[in-house]
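Analysis of the macromolecular model
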Amino acid sequence: KETEETKEEDKPILEFIKNSLEGEVLDVKFASNLGVHPVCLLAQGEVSIEMEKVFASMPGNDGKMKAEKVLEISSEHGILDRLNGVFKEDKEKLKDYAIVLYEQARILAGLNIEDPTKFVTAFSAII
């Protein structure tokens, strides 16, 4: 029940992160089973992340076959405290965190960073 209350109070943060990613993810959720990682990506729908990787490696790929992704953020990782603080202090900076966390999740899933310049800019802004 305590985890549900935390999720309820943090829903605005999750929604803000989802909107910051501008359609890259279908949803943003909490997860408690990510181990040491702050984030992971899951696929929802007919195309899995593994299928997306296979399609991307095919010659003539037009990039249309992509998994509908769900970004999961660890509710047990210290990043959650940081996200809460940034959400209260500077929502524009939270957009940078969203980009960095999403690209981290892509790397962990074995996907390439889609826009290296955007990633580096966001990463530089938060360090």
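The coordinates are above.
Bear in mind that the values here come from a model prediction, so they are computed numbers and not experimental data.

**Here's the deal with the environment of Met 51**
By the secondary structure assignment, Met 51 is in helix α3 (residues 49–57). Residue classification places Met 51 among the partly exposed residues on the basis of a relative accessible area of 35%. For the pair Met 51 and Lys 66, spaced 15 residues apart in sequence, the C-alpha separation works out to 8.1 Å.

**A closer look at the pattern of salt bridges**
Applying the stated criterion across every chain yields a total of 7 salt bridges. Salt-bridge contacts for Lys 118 lead to Glu 22; the nearest nitrogen and oxygen are separated by 4.0 Å. Remark: Glu 22 occurs in the loop between α2 (11–20) and β1 (27–31) and Lys 118 occurs in helix α6 (residues 116–126); sequence separation between them is 96 residues. With relative accessibility at 36%, the residue Lys 118 sits in the partly exposed group. On the basis of relative accessible area, Glu 22 is assigned to the exposed category, the value being 63%. Across the pair Arg 106 and Glu 103 runs a salt bridge whose closest N-O atoms are separated by 3.7 Å.

**Some words on the packing of aromatic side chains**
Following the criterion strictly, the structure yields 2 aromatic pairs and no others. Centre to centre, the rings of Phe 16 and Phe 87 are 6.0 Å apart; their planes meet at 70°, and the pair counts as edge-to-face. Placement of the pair is Phe 16 in helix α2 and Phe 87 in helix α4 (residues 79–89), with a sequence separation of 71 residues. A single burial state applies to Phe 16 and to Phe 87, both of which are buried.

**Observations regarding α2**
Listing the buried residues of α2 in full gives Ile 13, Leu 14, Phe 16, Ile 17 and Ser 20. When α2 is viewed along its axis, its buried side chains cluster within an angular range of 160° and face the same direction. Structurally, α2 contributes buried residues whose contacts are with β1, β3 (68–74), α4 and α5 (91–108). Glu 22 sits one or two residues past α2 and shows a positive phi near 45°.

**A look at the nonpolar core**
One finds Ile 17, Leu 41, Leu 71, Ile 73, Leu 83 and Leu 94 to be the most contacted residues of the largest nonpolar core, which totals 28 residues. Secondary structure elements with two or more residues in this core: α2, β1, β2 (39–44), β3, α4 and α5. What Leu 94 contacts, discounting residues up to four positions off in sequence, is Ile 13, Phe 16, Ile 17, Leu 83, Val 86 and Phe 87.

**Focus on the pairing of β3**
For β3, the buried fraction is high: 6 of the 7 residues fall into the buried class. Bridge count between β1 and β3: 5 bridges; the pairing is parallel. The partner of Lys 29 across the bridge, within β3, is Glu 72. Sheet analysis places β2 next to β3, joined by 6 bridges and oriented antiparallel. Paired with Leu 41 across the two strands is Leu 71, which belongs to β3.

Parameters at a glance
- Residues numbered from 1 in each chain as written.
- Predicted model: local features only at pLDDT ≥ 70, side-chain atom pairs only at ≥ 80, totals over all residues.
- Heavy atoms only, no water.
- Helix = DSSP H or I, 4+ residues; strand = E, 2+ residues; numbered from the N terminus.
- Buried < 20%, exposed > 50% of the residue type's maximum accessible area, 1.4 Å probe, protein only.
- Salt bridge = Lys/Arg side-chain N within 4 Å of Asp/Glu carboxyl O.
- Phe/Tyr/Trp six-rings, centres within 6.5 Å; stacked < 30°, edge-to-face > 60°.
- Arc of directions from axis to C-beta.
- Contact = heavy atoms within 4.5 Å.
- Core = buried A, V, L, I, M, F, W, Y, C linked by side-chain atoms within 4.5 Å.
- Pairing = 2+ DSSP bridges.

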